[in-house]
Each structure stands twice: as C-alpha cells, then as structure tokens.
Amino acid sequence: AGPFVFRIGNSDIKNGYQQAEYFINKGIKRVGLYTEETEYTQDIATFFKKRFIELGGTLVSDLNFLPNSTDFKSEITVLLSKKPQAIFMSTQTGLAFGIFVKQLRDMHKQSDIEIHTNFVAAANPDAFTAAGDTIYGVYYMAPVYDKNNPELVKFFKLYREQHKVDPMIAFHAAGTVDTLNMLQDYLDKSKIFDRDGFQQYLLTNIKNYHGLMGSYSFD
C-alpha cells in the first residue's frame, strides 16, 4: 500500500503481550483460551500464547469458536474441567461474549475464575443485553486516550447531544478526530490536497502534536 499508510489505534501484538504479562504479574499461570475464528481475534491470541508460554504460563485449554455462535455450554464444561485460574475469550462479537458470560456464570456460580475479553466485546451494548448483571467483574484492556483534553471533552459533549450516547469505543473516536484534525490543519495551510505535500507535512509538523489520544510524532 505504500510507506505512508498508517492508523491511529492499538497494536494487536501489544494487546496479546500485555494480556499475558497481566496474568503472570498477578500469579495467574493456568489460563483457558477461547478464540473466535476471525483475523483480529486470532492475531491477539497468537501473540498472547507466545508471550504467556515464554513467561512460564500454561494454557490448560485452547479452543476456537465460529462467529455468531450462541451455545457455549459444552466448551464451558471443557474449560471448567481444566480448572483454570482465568479464562481469556478473544472475541470481537459482543453478543457472543455476553451469552458466554451468562452461561458460564449459570454453570459456575463462584467468582473465583477471572473472565477476560477484548475491548470491542466488553464495550458492546449487545454484551450487556445478553449477560445482564453477570457482566460485572469482567476484565478487558483498552488503549488510553487523554480524558482531560478540552477538545475531547467538547467533542464528547457534542456527540452525546447528537446521538444521545457516548461513542462505543472512545479511543477510536478520539483517534478519528485526531486524524481529521491533522488533515484539516494541512488543508488550512495548503488550501489544496497534494499527496506528497501531505506526507511532508506529517513528517515536518507532527512533532509532539497534542491530540485527543495524547501526543503524536511522525519520524
């Protein structure tokens, strides 16, 4: 695609690595992994497994499921039989995650097993609808954004006024606004869009650029 294709967002590699490091740092060394068969979720799971095993962790089970699955009882039975300290469900489907959590809590009333997922599943309204109160206590990692940035506060206020809800994934919304602001800054100066000119603008002007996500620099 070219050397100047970029995104403002999270690293799936880092997501997998940091999830593994979280478990090890908490003394959680027996984990059941349950992964949706999509590229995004498989990527996270791949790097999670690599790092978790490197750090001395043990995957007591490693199962996959198809998108749009709605019955997880047999897989939950397998997971519970392995006596994990935590379950990491790598999924981007909020409904599937909500159903999974509800079925798991129905089959295992105790709260001694930590349940972890990805931020796109945990933040999905369908997950709350399907899981009800059983979703409380679930863990997930999400990239940070600058919650105190006045422009972010202003943007979220306008968003709520127009849509009556907060953005579902706050850091993606913040990153999108930052992207558009960088482009607008360039257009304000150049008046017309020129690909080479925009590339040079990014390399020259985006140094410690204060955006809604935080501070940016292109090299």
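These figures come from a predicted structure and were not determined experimentally. Residues take numbers from 1 onward in each chain, read along the sequence in its written order. Thresholds applied to this predicted model are a pLDDT of at least 70 for local features of residues and 80 or more for the giving and counting of side-chain atom pairs; totals over whole chains, interfaces and linings are not thresholded and use all residues. Heavy atoms from the whole structure form the basis of all side-chain values; hydrogens and water molecules are not counted.

Enquirer: What is the right way to read helix α7 (residues 150–163) from this model?
Expert: Each α-helix turn comprises 3.6 residues. Residues three or four places apart therefore point the same way. Only runs of H or I of at least four residues qualify as helices and only runs of E of at least two qualify as strands under DSSP, and these elements are numbered from the N terminus. Take the number of residues in a helix, subtract one, and multiply by 1.5 Å to get its expected span. End to end, α7 covers 20 Å across 14 residues, agreeing with the expected 20 Å (1.5 Å per residue, within 8%). Its side-chain oxygen 2.7 Å from the backbone nitrogen of E151, N149 forms the N-cap of α7. Just downstream of α7, K164 is the residue with a positive phi angle, here 70°. Nitrogen and oxygen atoms within 3.5 Å of one another constitute a polar contact, given that in protein one can donate a hydrogen and the other can accept it, and given that sequence-neighbouring residues count only through two side-chain atoms.

Enquirer: Sorry if this is basic, but what is going on with the pairing of strand β2 (residues 58–65) here?
Expert: Looking along a regular strand, one sees side chains alternate from face to face of the sheet. Two strands make a pair as long as DSSP finds a minimum of two bridges between them. As judged from the 7 bridges shared by strand β1 (residues 30–36) and β2, these two strands associate in the parallel manner. Note that in β2 the partner of R30 across the bridge is T58. Between the parallel pair β1 and β2, the chain is carried across by helix α2 (residues 39–54), and the sense of this crossover is right-handed. The handedness of a crossover follows from its direction of travel: if, with the strands pointing away from the viewer, the path from the first strand over the helix to the second runs clockwise, the crossover is right-handed.

Enquirer: How should I be thinking about the nonpolar core in this particular structure?
Expert: Inside soluble globular proteins, nonpolar side chains tend to come together where they are buried. Nonpolar core, defined: a set of buried Ala, Val, Leu, Ile, Met, Phe, Trp, Tyr and Cys residues in which side-chain atoms within 4.5 Å join the residues together. Only protein chains enter the calculation, and the probe is 1.4 Å; a residue is then buried if its accessible area is under 20% of its type maximum, exposed if over 50%, and partly exposed in between. By size, the foremost hydrophobic cluster in this structure holds 35 residues, and its most contacted members are F23, V31, F48, F52, M182 and I206. Among the elements that take part in this core, helix α8 (residues 170–190) stands out by supplying 6 residues, more than any other. The contact partners of F52, leaving out residues within four places of it in the chain, are A20, F23, I24, I28, K29, R30, V31, G57, T58 and L59. Ranked by size, the runner-up nonpolar core spans 21 residues in total, among them F72, I76, A96 and F100. Contacts are residue-level and defined by heavy atoms, with any inter-residue pair within 4.5 Å sufficient.

Enquirer: It is not clear to me how the side chain of N15 should be interpreted in this structure. Could you clarify?
Expert: Structurally, N15 is set in helix α1 (residues 12–25). A relative accessible area of 8% places N15 in the buried class.

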